[in-house]
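# What the coordinates show
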Amino acid sequence: MSKDSYLVGLIGSGIGPSLSPALHEREADRQGLRYLYRLIDIDVLGVVPEAVGDLVRAARDLGFDGLNITHPCKQLVIEHLDALSPQAEALGAVNTVVFEGGRAVGHNTDVTGFAASFARGLPDAPLERVVQLGAGGAGAAVAHATLTLGAGQVTVVDALPERARQLAGSLNRHFGAGRAVAAGPDRLPELLAHADGIVHATPTGMAAHPGLPFPAGLLRPGLWVAEVVYRPLETELLRTARALGCAVLDGGGMAVFQAVDAFRLFTGREPDSARMLADIAELAGAVAAPK
């Protein structure tokens, strides 16, 4: 029997600016639900990311229906869950936990969220050679999404070479040999000179981590730039890229479409993605028009 009252939350670091509570609660209000979305910020609590397991157990014991998980806990949370969806297991990253009959089940809605946003915002973007900067929890999701969308090859670049190699290896096992390769940041000038586009999947550009993730001189007209950061919607990277004539995709669409899928998992009800896109445009500024 469908409920009409829900308690959910978000675990992560520096999540004060998150728009997830407003996105979920606004849609729930329109559906006549009592829906409380709480922020569980490890920085505010003064605990390390490895404490995510304790936080998940506490939320379950307190009667939460589910949790969203964000940086830096998307991979750390896995060992504390009872089961994983096939997609979360393939990714090795979880951004949504649903409590079902006392069990904590991990899902990943970042993959479908990024894929839906990219298809909407950059529908004609060439995908033969894609560079991705960042191989963490969000990076794993968007790399899977990019290859699912038909990318020829994704080159994964990360400041931690072993992390890039591990993600590339996982992608090749899932999508076939040669679909992903790993590279160090020192190769970015060479890679971006020949790439169709770049997906940025590090925290750089967030309110707490301002700046550019690489030198602006590496951008050029004809290169598309997709961002996962959505607060602010217009990061310094997107502003710089747009000024150069690059087609750009902000992180707002991914934030909305992953929230759409998470809301469905938490409630069993179908959210209205068009209304939620309008919400994020109001909450964080107009989502950049597709170019």
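Residues numbered from 1 in each chain as written. Predicted model: local features only at pLDDT ≥ 70, side-chain atom pairs only at ≥ 80, totals over all residues. Heavy atoms only, no water.

### Focus on the overall build of the protein chain
Put simply, the rule is: Each helix is a run of DSSP H or I of at least 4 residues and each strand a run of E of at least 2, with the numbering of both proceeding from the N terminus. Radius of gyration: over C-alpha atoms. The globule rule applied is 2.2 Å multiplied by the number of residues raised to the 0.38 power. Here the term buried applies to any residue with accessible area under 20% of the maximum for its type, exposed to any over 50%, and partly exposed to those in between, with areas from a 1.4 Å probe on protein chains only. Residue contacts are defined here by distance: any two heavy atoms, one from each residue, within 4.5 Å place the two residues in contact.
Looking only at helices and strands, the protein chain features 11 helices and 12 strands. On C-alpha atoms alone, the protein chain measures out to a radius of gyration of 18 Å, which is about the 19 Å that the 2.2 N^0.38 rule sets for 291 residues. Along the first, second and third principal axes, the C-alpha atoms of the protein chain reach 55 × 35 × 35 Å. Here the protein chain holds 291 residues, and the buried ones make up 52% of them. Excluding contacts between residues fewer than 6 apart, the proportion of contacts in the protein chain whose partners are at least 24 apart in sequence is 69%.

### Side note on the confidence of the model for the protein chain
What counts is decided by this rule: pLDDT expresses, on a scale from 0 to 100, how confident the predictor is about each individual residue.
Summary statistics for the protein chain give a mean pLDDT of 94 and a share of 97% for residues scoring 70 or more. Counted against residues more than four places away or in other chains, residues 286-291, with its pLDDT under 50, gives 16 contacts.

### Description of unusual backbone geometry
Here the residue pair H71 and P72 is connected by a cis peptide bond, since its omega of 5° sits within 30 degrees of zero. Geometrically, the link from R231 to P232 is a cis peptide bond, its omega value of 10° lying close to zero. Within the element layout of this structure, P232 appears in the loop between β11 (224-227) and α9 (236-243).

### Side note on the side chain of D279
This is how it is decided: N or O atoms within 3.5 Å of each other form a polar contact, as long as, within protein, one can give a hydrogen and the other can take it, and as long as residues adjacent in sequence are counted only when both atoms are side-chain atoms.
Within the element layout of this structure, D279 appears in helix α11 (residues 273-284). A distance of 3.3 Å separates polar atoms of two side chains, one belonging to D279 and the other to R26. Residue contacts for D279: discarding those within four places in its chain leaves L23, R26 and R30.

### Let's talk about the environment of L147
Following the sequence through the fold, L147 ends up in helix α6 (residues 137-148). Taking the C-alpha atoms as reference, L147 lies 34 Å from R57; in sequence the two are 90 residues apart. Leave out the neighbours within four places in its chain, and L147 touches V154, L171, F175 and R179.

### Some remarks on the nonpolar core
Selection criterion: In this description, a nonpolar core means a group of buried Ala, Val, Leu, Ile, Met, Phe, Trp, Tyr and Cys residues linked to one another through side-chain atoms lying within 4.5 Å.
In terms of nonpolar packing, the biggest core is built from 32 residues, with F114, F118 and W224 touching the most fellow members. With six residues, the single largest contributor to this core is α6. What W224 contacts, discounting residues up to four positions off in sequence, is F118, L122, A125, P126, L127, V130, D196, G197, I198, V199 and A247.

### A look at the packing of aromatic side chains
The description of an aromatic ring pair rests on the distance of the ring centres and on the angle between the ring planes. Rules: Put simply, two rings from Phe, Tyr or Trp (the six-membered ring, in Trp's case) pair if the centres are within 6.5 Å, and we call them stacked under 30 degrees between planes, edge-to-face over 60, tilted for the rest.
Per the counting criterion, the structure on display carries four aromatic pairs. Ring centres 5.4 Å apart and planes at 20° place the aromatic pair Y35 and F263 in the stacked group. Here Y35 is found in strand β2 (residues 34-41), whereas its partner F263 is found in helix α10 (residues 252-267), with 228 residues between them in sequence. We note that Y35, like F263, is buried. Their ring planes at 75° and their centres at 5.1 Å tell us that F118 and W224 sit as a pair that is edge-to-face. Of the two residues, F118 is situated in helix α5 (residues 110-121) and W224 in strand β11; the sequence distance between them amounts to 106 residues. Look at W224 and you get buried, because its relative accessible area is 2%. Taken together through their ring pairs, the aromatic side chains of Y6, Y35 and F263 make up a single cluster.

### Let's talk about the sheet that holds strand β6 (residues 103-107)
In plain terms, the rule: Paired strands, in this sense, are two strands between which DSSP finds at least two bridges.
Taken together, the six strands give an open sheet; going across it, the order is β2-β1-β3-β5-β6-β4, and neighbouring strands pair in mixed fashion. At either end of the open sheet lies a strand with only one pairing partner, and these are β2 and β4 (83-84).

### Notes on the pattern of salt bridges
This is how it is decided: When a carboxyl oxygen of Asp or Glu is within 4 Å of a side-chain nitrogen of Lys or Arg, the pair counts as a salt bridge.
Evaluated as defined, the whole model comprises 16 salt bridges. In this structure, R242 engages E234 in a salt bridge whose closest nitrogen and oxygen atoms are separated by 2.1 Å. The network of salt bridges with shared partners includes R26, E27, R30, D272, R275, D279 and E282.

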